[in-house]
Amino acid sequence: MPFEAASHAMPDVTMTGLQWRAATLEDLDNWAGLIARTAAVEHPVWYEKRGDLIHILESTKNPAATSTLLGLDAGGVARAYGRITKNPEGDKATGMACVDPEWQLRGIGSAVLVWQEGQVRQRFEADEAAGHTAAPPRLRIQTEEQHEHQATLLMGHGYGAVRWFNEMHRPLSTVLPDAPLGAGLELRTLEPSLFEPVRLAHNDAFRDHWGSEPRDEESWRFTIEEPTGRHDLSAVVIDNATGEIAGYQLTSFDPDSAADRGFKEGYTELLGVRRAYRGRGIAQALLADAMRRYLDAGMDVASLDVDSANPTGALELYLGMGYTPVNRSMTWEKML
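As the structure is a computational prediction, the values presented were derived from the model and not from experiment.

1. Structural notes on the packing of aromatic side chains
With the rule as written, the count across this model stands at two aromatic pairs. On the numbers, 5.3 Å between centres and 65° between planes, the contact of Trp 31 with Tyr 81 is edge-to-face. Here Tyr 81 lies in strand S3 (residues 78–85) and Trp 31 lies in helix H2 (residues 28–42), a separation of 50 residues in the sequence. Taken individually, Trp 31 and Tyr 81 each receive the classification buried, so the pair is uniform in this respect. The ring of Phe 124 has Lys 86 lying over it, and the distance from NZ or CZ to the ring centre is 4.7 Å.

Put into structure tokens, the structure is as follows:
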């Protein structure tokens, strides 16, 4: 059952100068505006859009009433927010937050983080009581290396960096690689009839990936309906003998990011090959196909993000396909 206990003590109104409550559908534009204002100053590689926030409010595993926090000034303008997510059977929770640049350096980020930690402790207690998991509570938060103020905040609260990730780009102006599929394998554009088979293939492919947890129907719907998703630039590889999904790549394109960064990028959100099909050049074929799709769609670069310690050798694969690291992010963790 979803966690529905009363929210942990809200941040102090006097200390923060903000009124605090959970986010609702009526807050969507206000909430999205806060995130966009912050992004305009901090220039993250990615940030949440209105459609992402709708998915947050629709979540049944992480009800907004206990998993979101919005700080409003005297005029009702959103100046800070935080949220947590956790799968009932999972051994970790993740956190997201931002503070309006004009309201930073007032202790608001710390107040939001303390609220997140309190909610995570309650979530783990509730999940253990329901028989879902007996794992000790832990909270993970991801930041980009460029945002040193976030790292300073997290270190000050006892967090340590436990994993690093590289954003990688591959220019589409040079000769693209040729990586044909082997006999019996067929490449198809992603279509609705493949959504569920790809979900099952994803859960199989990511069983050995650090931090990954199986995606149920709801979380997969949020993935497929991601506002910047481009199904026409996404593809799957089918084993013609069995009809099974052997591998897949899901793409997004963010026009706002293109305007901010000055180039158009086709971004591979997810790339997976099921264990039984590894070593047959399927990932290379999917990436080469993606590059051609991106080029035809007017993109400048192909991009993706990779765990620097990925056990499947993904970093070496991407380097071999012409990708180069351009930015780095890290995951921070604290046992609560």
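Next comes the rest of the write-up.
2. Quick word on the packing of H2 against helix H3 (residues 50–58)
Interhelical geometry of H2 versus H3 gives an angle of 125° and a closest axis separation of 9 Å. When the axis of H2 is compared with that of H3, the two are oblique. With respect to the hand of their crossing, H2 and H3 are arranged in right-handed fashion. Where H2 abuts H3, its residues Leu 28, Asp 29, Trp 31, Ala 32 and Ile 35 lie against Arg 50, Leu 53, Ile 54, Ile 56 and Leu 57. Partitioning the contact of H2 with H3 into residue classes produces eight nonpolar, no polar and two charged.

3. A word on the environment of Ala 39
Its location among the elements puts Ala 39 in helix H2. As for Ala 39 and Asp 260, which are separated by 221 residues in sequence, their C-alpha atoms are 9.7 Å apart. For Ala 39, the residues in contact, after removing those within four places along its chain, are Pro 44 and Tyr 47.

4. With respect to the side chain of Lys 86
Topologically, Lys 86 is positioned in the loop between S3 and strand S4 (93–99). According to the relative accessible area criterion, Lys 86 is buried, its value standing at 3%. In this view, Lys 86 contacts Lys 61, Asn 62, Lys 92, Ala 93, Arg 123, Phe 124, Asp 127 and Thr 133; residues no more than four positions away in its chain are not counted.

Criteria and thresholds
- Position numbers for residues start from 1 in each chain and track the written sequence from start to end.
- Whole-chain, interface and lining totals are the exception, using all residues; otherwise, since this is a predicted model, local features are given only for residues with pLDDT of at least 70 and side-chain atom pairs are given and counted only at 80 or more.
- Side-chain figures throughout are based on the complete set of non-hydrogen atoms in the structure, without hydrogens or water.
- Note on aromatic contacts: the rings of Phe and Tyr and the six-membered ring of Trp form a pair at centre separations within 6.5 Å, being stacked when their planes are under 30 degrees apart, edge-to-face when over 60 apart, and tilted otherwise.
- Secondary structure counts use DSSP, requiring at least four H or I residues in a row for a helix and at least two E residues in a row for a strand, with both numbered from the N terminus.
- Burial classes: relative accessible area under 20% of the type maximum marks a residue as buried, over 50% as exposed, and values in between as partly exposed (1.4 Å probe, protein chains only).
- Geometrically, a lysine NZ or arginine CZ counts as sitting over a ring once it is within 6 Å of the ring centre and also within 35 degrees of the ring normal.
- All axes are obtained by fitting lines to C-alpha atoms, using only the stretch in contact for helices, and the reported angles, taken between N-to-C directions, cover 0 to 180 degrees.
- Throughout this description, any angle smaller than 35 degrees is read as roughly parallel, any larger than 145 degrees as roughly antiparallel, any in the 65 to 115 degree range as roughly perpendicular, and the remainder as oblique.
- The handedness criterion is simple: a crossing whose near helix is rotated anticlockwise from the far helix by less than a right angle is left-handed, and one whose near helix is rotated clockwise is right-handed.
- The contact definition used throughout considers only heavy atoms, calling two residues in contact when any of these lie within 4.5 Å.
- Side-chain classes follow a simple rule in which Ala, Val, Leu, Ile, Met, Phe, Trp, Tyr, Cys and Pro form the nonpolar group, Asp, Glu, Lys and Arg form the charged group, and the remainder, Gly included, forms the polar group.

Read these as geometric descriptors, not functional statements.
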